[in-house]
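# Coordinates in review
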Amino acid sequence: MRSSRTIHVISAHAEGEVGDVIVGGVAPPPGATVWEQSRWIGRDQSLRNFVLNEPRGGVFRHVNLLVPPKHPEAAAAFIIMEPEDTPPMSGSNSICVSTVLLDGGIIPMQEPVTEFTLEAPGGLVRVRAECRDGKAERIFVQNLPSFAQKLSVPLEVEGLGTLTVDTAFGGDSFVMVDAAALGFALTADEAHDIATLGARITRAGTEALGFHHPTNPDWTHFSFCLFAGPVTRQGNEMRAGSAVAIQPGKVDRSPTGTALSARMAVLHARGQMGMEDRLTTVSLIGSTFTGRILGTTTVGDIPAVLPEISGRGWITGIHQHMLDPSDPWPGGYRLSDTWGAR
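The text that follows walks through the structure, step by step, so that each part is easy to find. (Residues numbered from 1 in each chain as written. Predicted model: local features only at pLDDT ≥ 70, side-chain atom pairs only at ≥ 80, totals over all residues. Heavy atoms only, no water.)

## Details of the packing of aromatic side chains
Any two aromatic rings considered together are summarised by their centre-to-centre distance and by the angle between their planes. Scanning the model with the defined rule gives 8 aromatic pairs in all. Where Phe174 meets Phe224, the ring centres are 5.2 Å apart and the plane angle is 40 degrees; that geometry is what we call tilted. You can see Phe174 sitting in strand β11 (residues 173–178) and its partner Phe224 sitting in strand β12 (residues 224–228), a full 50 residues away along the chain. Aromatic side chains Trp329 and Tyr333 sit 6.0 Å apart centroid to centroid with 80 degrees between the ring planes, which places their arrangement in the edge-to-face category. Through a chain of ring-to-ring contacts, three or more aromatic side chains come together here, namely Phe147, Phe169, Phe211 and Phe222. The aromatic ring of Phe50 is capped on one face by Arg56, whose charged end is 4.0 Å from the ring centroid. The lysine or arginine in question, Arg334, covers the ring of Trp339, its NZ or CZ lying 3.8 Å from the ring centre. (Phe/Tyr/Trp six-rings, centres within 6.5 Å; stacked < 30°, edge-to-face > 60°. Helix = DSSP H or I, 4+ residues; strand = E, 2+ residues; numbered from the N terminus. Lys NZ or Arg CZ within 6 Å of the ring centre and 35° of its normal.)

Next up, the structure:
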């Protein structure tokens, strides 16, 4: 075999959502901060195309690049590459990265609990892993401060009319819609319709409402649409369905950690969730993330919560992605049958 490029990857998923981790073969990108490095990756596109485009990738795949941390408190740093975005943070990807670091022996595992700090592009996240018999069984992530931006605002979506939506930040930016009001029961057979409709709602939200992060002026769009199921409660235990449409048109297989954080911020802003409560969200495949609010803070002048999310991750394989110098598609390709029509 011959190759002009070889990238070493440990593949993983968190509650069903793929989050591969590049552990070798890629030099750290330029930038004084992890955020600047992620912006370089987003602008350059060459690594994103190589690992996300077919034939090595696909619309179902997220890939994380491990880089040396910039902050002295962090044990490792990672840059998240999603199908369309290079975002500040991702819950499922942080769980995948933590699982790979621990199960892969990159960070020493301490049983029954290992604690360390990761540096995401958007800032530091604290990790607590419950470990047994050499396996990180459950990962708890103290996510970035999360906040509700706009509550119950009208949004005109072509072909749907006027929807009432919430907008929020949970490490990434969301337009939230009432799944039941749109006729969705949040079952697996609805995935295609949720994906295509959610992509339209996300684009409409960016065009009509825009997103403003008070301390990160680079992030001005909505990444996702959350189809939020009704919340049920038994004492302090809350539960709700969750389906997140990811650009350009797929549904997250996990319940989406940033969506859980954003929804907790919205519920808290409405006085419907306190620090004594726990919210478990359920994906279309039946997997779950559980969250709680550790405290409150502000982001700029906006009230925010400090969310903790938890879920499970598993390693699925070790891969070496290669490029034969005669390959006519060195950057891969995308077709609208799976990548969606814009």
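From this point, the narrative continues.
## Observations concerning empty space enclosed by the protein
With a probe scaled to a water molecule rolled over the atoms, the places where space remains empty come into view. Tallied over the full model, the rule gives 2 cavities of 30 Å³ or more. By volume, the largest cavity is sized at about 50 Å³. Residue lining of the largest cavity: His62, Glu82, Ser90, Gly91, Ser92, Phe224, Asp252, Thr256, Gly257 and Thr258, and that is the complete set. Secondary-structure elements contributing two or more residues to the lining of the largest cavity are α3 (91–103) and α5 (257–269). Residues of the lining of the largest cavity, tallied by class, amount to 1 nonpolar, 7 polar and 2 charged. When its volume is computed, the second largest cavity comes out at roughly 30 Å³. Surrounding the second largest cavity, Glu82, Glu84, Asp85, Ser223, Phe224, Ile246 and Gln247 form its lining. Of the residues that constitute the lining of the second largest cavity, the class distribution is 2 nonpolar, 2 polar and 3 charged. (1 Å grid on protein atoms, 1.4 Å probe; cavity = no way out; pocket = protein on both sides within 12 Å on 5 of 7 lines; lining within 4 Å. Points joined across faces, edges and corners; volume = space filled by probe spheres on them. Nonpolar A, V, L, I, M, F, W, Y, C, P; charged D, E, K, R; others polar.)

Shape is all these values report; function is a separate question.
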